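Observations on the three-dimensional arrangement
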Amino acid sequence: MTVLIDGKKIANEIKQEIASEVELLKENKRKVPYLAAILVGNNPASKTYVMAKEKACKSVGIKSTIIDLNENISQKELLQNVEMLNQNKTHDGFIVQLPLPNHISTQKIIENINPIKDVDGFHPMNIGKMVNGLPSFLPATPKGIMELLKRYKISTEGKHCVILGRSNIVGTPLSIMLSRKSPNANCTVTLCHSKTKNIKKFIEKADILIAALGIKHFITADMVKKNAIIIDVGIHRIKSNEKKSGYKLVGDVDFENVYTKCSYITPVPGGVGPMTIVSLLSNTLQAAKINMH
Ligand code: GUN
């Protein structure tokens, strides 16, 4: 029997845990955690994500603000906004929603975020701490995936984990987290990417397969090992007559066919997505706690 990994359910459980902690802070007259999100331009997906993050904050009692900036903002002006958030005492943490317009250096922006407010965990200081196994803000999607594996009590130790995609946001940090010396990790990790030769040869060897390459329905049933654990990070909007809206979301995995062959699988939507948002909430709470000391 294949187990459907219900990210929505686990995310709701974690949200309740966060909400209780926030409630306790309020009862004790402590500062209520406060997140800010900078959104540059009109990228519809980015807008949707940022709004979802704001809604999630509200649902657990975390305060939030969206700072909407024009597509044509200069890098200098954006850096001024970042510095304003670095300095102010109101916001415990903030994010700059990616991608940014091409005329802005993403790396330059990230490097100018104060690491103690970097709830995305993208600053080199936080990445460096993560690599060394020190406490830090962990990037939201990999953190959410680790939490899913843990809460479903999926044994990872000694397993061969194949990650498809080496982005700074998902694949690269996840490869480090899964290979860490820890009971919930201890995997042997292979990180595949666009220059990997004969990618199928690696996919068929995966005990745990993480699909984060951004190609719709790339993973088909014939590619995966029987009883593999499948984590689908992809999210694609496709036209569909099944839905009133006229479209539906699908992942990097051909879910219907892979489902019958694997032991665990995350659906799209309702798998990794809700965990990404909840990890940001958890990081924001963590930032607020750091600020109290
Ligand atoms: N764009 C896609 N995922 C993310 C994320 O986790 N954080 C930010 N800031 N931008 C993103």
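Residues numbered from 1 in each chain as written. Predicted model: local features only at pLDDT ≥ 70, side-chain atom pairs only at ≥ 80, totals over all residues. Heavy atoms only, no water.

**Observations regarding the sheet that holds strand E4 (residues 93–96)**
Pairing in this open sheet of three strands is parallel, and the strands run E3-E2-E4 from one edge to the other. A single partner strand is all that each edge strand has here, and the edge strands are strand E3 (63–69) and E4. Across the sheet, the axes of successive neighbouring strands diverge by a mean angle of 15°, strand direction being ignored. Two elements, strand E2 (residues 34–40) and E4, share four bridges in a ladder whose sense is parallel. Bridge assignment links Leu35 to a residue of E4, and that residue is Gly93. (Pairing = 2+ DSSP bridges. Helix = DSSP H or I, 4+ residues; strand = E, 2+ residues; numbered from the N terminus. Axes fitted to C-alpha atoms, helices over the stretch in contact; angles between N-to-C directions.)

**Focus on helix H7 (residues 171–179)**
Those residues of H7 that fall on the buried side of the exposure criterion are Gly171, Pro173, Leu174, Ser175, Met177 and Leu178. Where H7 is buried, its residues contact helix H5 (124–131), helix H6 (140–151), strand E5 (160–164), strand E6 (188–192) and strand E7 (208–211). (Buried < 20%, exposed > 50% of the residue type's maximum accessible area, 1.4 Å probe, protein only. Contact = heavy atoms within 4.5 Å.)

**A few points about the packing of aromatic side chains**
A complete count under the given rule lists one aromatic pair for this structure. On the numbers, 5.5 Å between centres and 45° between planes, the contact of Phe255 with Tyr259 is tilted. Placement of both Phe255 and Tyr259 in helix H9 (residues 255–259) is noted, with a separation of four residues, approximately one turn of the helix. Classification of Phe255 as partly exposed rests on a relative accessible area of 23%. (Phe/Tyr/Trp six-rings, centres within 6.5 Å; stacked < 30°, edge-to-face > 60°.)

**As for helix H1 (residues 7–27)**
In this model, H1 (21 residues) spans 30 Å end to end at C-alpha, consistent with the 30 Å of a helix rising 1.5 Å per residue. Along H1, the positions that sit buried rather than exposed are Gly7, Ile10, Ala11, Ile14, Ile18, Val22 and Leu25. Buried residues along H1 cover an arc of 110° about the axis, so they all sit on one side. In this structure, H1 carries Gln16 and Glu27 as exposed residues pointing more than 90 degrees from its buried face. Buried residues along H1 sit against helix H2 (44–60), H6 and helix H10 (272–292). Here H1 starts with a cap whose side-chain oxygen sits 3.2 Å from the backbone nitrogen of Lys8, and that cap is Asp6. Positive backbone phi, approximately 55°, marks Lys29, located one or two places after H1. (Expected span 1.5 Å × (residues − 1). Arc of directions from axis to C-beta. Polar contact = N/O pair within 3.5 Å; in protein donor to acceptor, adjacent residues only side chain to side chain.)

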